[in-house]
Amino acid sequence: MDTLTSGLASMGRLSRGITVMDESNLIRKENTDVLILYDAEGDANCRAVREVITELDLVVQVKPQPIGFNNNKGPKVPMLDVQKANSKGEGMMLKGKDVILDYLYSEYTVMGSAPESSESLLDVITRGLPSLLRLGRGIRMSRAIGSKEWALPRPKKPLILYNYEGNQFCRLVREVLTELNIPYESRSAGKGSPRREELFAESGATQCPYLIDGNTGVKMAESADIIDYLYENYALFTPPDELLEMASAVVTPLLKPFYSILAPIQAGSYDKDFYLKTIQDEISSSPVVIYTYKLSPFCTEATSVLDGLGVEYTEISLGLEWIPGLIDEGGAEKRATLGSMTGQTSLPHIFVGGKSVGGLFSGNPGLIPAVENGSFTRMLKDVSPAMTRTLRVF
């Protein structure tokens, strides 16, 4: 789905941000100014600037500004800090799309101004299309960064990314770099760029995106591999599928009353004291316990998050699903008992130190919100200080 919507976003912008401007109209400076772009990948005005950066075949230092970073509550981007070559700290800060584009065209093109086609009605109409198609990706700081409770690793040196704006796979990588607030050097390598020869010498191919991490020595292509690498090295976990979160936000409030009625009916007549003691024994048997269904994508995502965090846990499966014929013997009774204990009959259901955290996205307060606000770490510390020393990034 990500690749499809990113591809449609590129198609929606037609040829913008793909091909380098004709060499006869470019001004290539021997002593290159340092351009520092304060950027949010999903912002339409930032996109317009990045398209021109590709078309002018420039190298820029990107400092992502996602919402949530330094209490950023809205777009103050794009901004371009220009550090003049051979100057002694001289520079200027340009704010806003129009001011930045005027400067770039005046400094790096022979004609000194934007082509008429760049402000056509079609161009203006389609400028915000990628943001709509990508459902707000590349705008907000990822919850995978967690809170100050987590000693999240940060790259000491900016990463290097060979890319160009109109490439659908490059977009996916830049979104994650923005959401994880990772500074990087963007080396434009659009169609017709001489920098593709540099890229070929580096990697043996001209494929974009191509990432170089001077902090680890890693060099890699393929957007999916790069994204996995970024989450593994610079995030607490790989965030769950956003479609699942959207589905949870809509479906859970609607189905919770239904499940609360259905669970005891499905369980029928059973020894409530026996199953209450069984649940209490199970959730006390390990610092972290998670009840799951084997076929539930929510349960799969929850265990993946715990695995990514490096948390040791005990998984108790109630069967394939809650549907009769798929749930294990005694599963319906445990489900009903969990509901009477906590008010939650849906799975996954996570317990830390015998206390309910809830499900993946919701509950008391839910696994993802608990990791995000630091309460999950504090609960682990209270229950098992030794366990926190085994966490991947604590």
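K.L.:
Help me understand the overall build of the protein chain in this model?
P.N.:
Within the protein chain one finds 15 helices and 12 strands. If one aligns the C-alpha atoms of the protein chain with their principal axes, the spans along those axes are about 85 × 45 × 40 Å. Residue burial in the protein chain is summarised as follows: out of 394 residues, 51% are buried. Here the protein chain displays about 18400 Å² of accessible surface, and carbon together with sulfur accounts for 56% of that area. Averaging the positions of the 40 positive and the 49 negative side-chain charges in the protein chain gives two centres separated by 5 Å.

K.L.:
Before we go on, may I ask you to explain the sheet that holds strand β5 (residues 159-163) in this structure?
P.N.:
Backbone hydrogen bonds hold the strands of a sheet together, and the pairing may be parallel or antiparallel. Reading across the sheet, the eight strands line up as β4-β3-β1-β2-β6-β5-β7-β8 and stay open at both edges, with mixed pairing between neighbours. One side of each edge strand has no neighbouring strand; the edge strands of this open sheet are β4 (91-95) and β8 (218-221). Averaged over all pairs of adjacent strands, the angle between their axes in this sheet comes to 20°, without regard to strand direction. Across four bridges, the pairing between strand β2 (residues 59-64) and strand β6 (residues 184-188) is antiparallel. For V59, the partnering residue across the bridge sits in β6 and is R187. In the packing of helix α8 (residues 223-234) onto the sheet, contacts are made with β5, β7 (210-213) and β8, and the angle to β8 comes to roughly 145°.

K.L.:
Got a minute to help me understand the pattern of salt bridges in this structure?
P.N.:
Two side chains of opposite charge can pair, provided their charged atoms sit close to one another. Under the definition given, this model contains 21 salt bridges. Notably, a salt bridge pairs E245 with R143, separated by 3.0 Å at the nearest N-O pair. Linking E245 in helix α9 (residues 242-267) with R143 in the loop between α5 (129-133) and β5, this pair joins segments that are 102 residues apart in sequence. A relative accessible area of 25% places R143 in the partly exposed class. In this structure, the salt-bridge partner of E185 is R187, at a minimum N-O distance of 2.5 Å. Exposure class is identical for E185 and R187. Each is buried. Each of D39, E41, R50, E165 and R174 takes part in a single network of salt bridges with overlapping partners.

K.L.:
Explain the sheet that holds strand β10 (residues 314-317) to me, please; I cannot follow it from the model alone.
P.N.:
One open sheet accounts for four strands, arranged β10-β9-β11-β12; its pairing is mixed. Each of the sheet's edge strands pairs with one partner strand only, and the pair in question is β10 and β12 (355-358). Pairs of neighbouring strands in the sheet enclose a mean axial angle of 25°, with direction left out of account. Inspection of the sheet shows strand β9 (residues 288-292) paired to strand β11 (residues 349-352) by four bridges, in the antiparallel sense. Bridge assignment links V288 to a residue of β11, and that residue is V352. Packing of helix α10 (residues 272-284) onto the sheet brings it into contact with β9, β10 and β11, and relative to β9 it is tilted by some 130°.

K.L.:
Explain the side chain of R137 here, please?
P.N.:
The residue R137 is located in the loop between α5 and β5 in this model. For R137, a relative accessible area of 13% corresponds to the buried category. Among all residues touching R137, those that are not within four sequence positions of it are D2, G42, E175, V176, E179, Y231 and E242.

K.L.:
Help me understand the side chain of D81 in this model?
P.N.:
Here D81 lies in strand β3 (residues 79-83). Side-chain polar atoms of D81 contact the side chain of Q83, separated by 3.0 Å. Setting aside residues up to four positions removed in sequence, D81 forms contacts with V34, L35, I36, Y38, M92 and M93.

K.L.:
Where do I start with helix α3 (residues 97-108) in this structure?
P.N.:
Within an α-helix, residues lying three or four positions from one another point in the same direction, as the helix has 3.6 residues per turn. For α3, with 12 residues, the first-to-last C-alpha span of 16 Å sits near the 16 Å given by 1.5 Å per residue. Of all the residues in α3, the buried ones are K97, I100, L101, Y103, L104, Y105 and Y108. On its buried face, α3 sits against β1 (34-39), α2 (44-55), β3 and β4.

K.L.:
Just checking my understanding: could you explain the packing of aromatic side chains for this structure?
P.N.:
Any pair of aromatic rings gets described here by the distance separating the centres and the angle formed by the planes. Using the criterion set out here, one finds seven aromatic pairs in the structure. A ring pair is formed by F258 and Y259, whose centres lie 5.8 Å apart and whose planes are at 45°; its orientation type is tilted. Residue F258 is classed as partly exposed on the basis of its relative accessible area of 44%. Taken together, a centroid distance of 6.0 Å and an interplanar angle of 80° make the contact between Y291 and F351 edge-to-face. Pair noted here: Y291 is in strand β9 and F351 is in strand β11, with a separation of 60 residues, a long-range link.

K.L.:
What should I look at first to understand the packing of helix α6 (residues 168-179) against α8 in this one?
P.N.:
If you want to describe how two helices pack, look at the angle between their axes and the distance between the axes. Running from N to C, α6 and α8 point in directions that differ by 10°, and their axes come no closer than 9 Å. By the criterion of interaxial angle, the relationship of α6 to α8 is roughly parallel. Of the residues in α8, those touching α6 at F169, L172, V173, V176, L177 and E179 are S223, I226, I227, L230 and Y231. For the contact of α6 with α8, the residue count by class is nine nonpolar, one polar and one charged.

What counts and how
- Residues numbered from 1 in each chain as written.
- Predicted model: local features only at pLDDT ≥ 70, side-chain atom pairs only at ≥ 80, totals over all residues.
- Heavy atoms only, no water.
- Helix = DSSP H or I, 4+ residues; strand = E, 2+ residues; numbered from the N terminus.
- Buried < 20%, exposed > 50% of the residue type's maximum accessible area, 1.4 Å probe, protein only.
- Areas by Shrake-Rupley, 256 points an atom, 1.4 Å probe, with all protein chains shown as cover.
- Lys, Arg positive; Asp, Glu negative; His and termini not counted.
- Charge placed at Lys NZ, Arg CZ, Asp CG, Glu CD.
- Pairing = 2+ DSSP bridges.
- Axes fitted to C-alpha atoms, helices over the stretch in contact; angles between N-to-C directions.
- Contact = heavy atoms within 4.5 Å.
- Salt bridge = Lys/Arg side-chain N within 4 Å of Asp/Glu carboxyl O.
- Polar contact = N/O pair within 3.5 Å; in protein donor to acceptor, adjacent residues only side chain to side chain.
- Expected span 1.5 Å × (residues − 1).
- Phe/Tyr/Trp six-rings, centres within 6.5 Å; stacked < 30°, edge-to-face > 60°.
- Parallel < 35°, antiparallel > 145°, perpendicular 65-115°, else oblique.
- Nonpolar A, V, L, I, M, F, W, Y, C, P; charged D, E, K, R; others polar.

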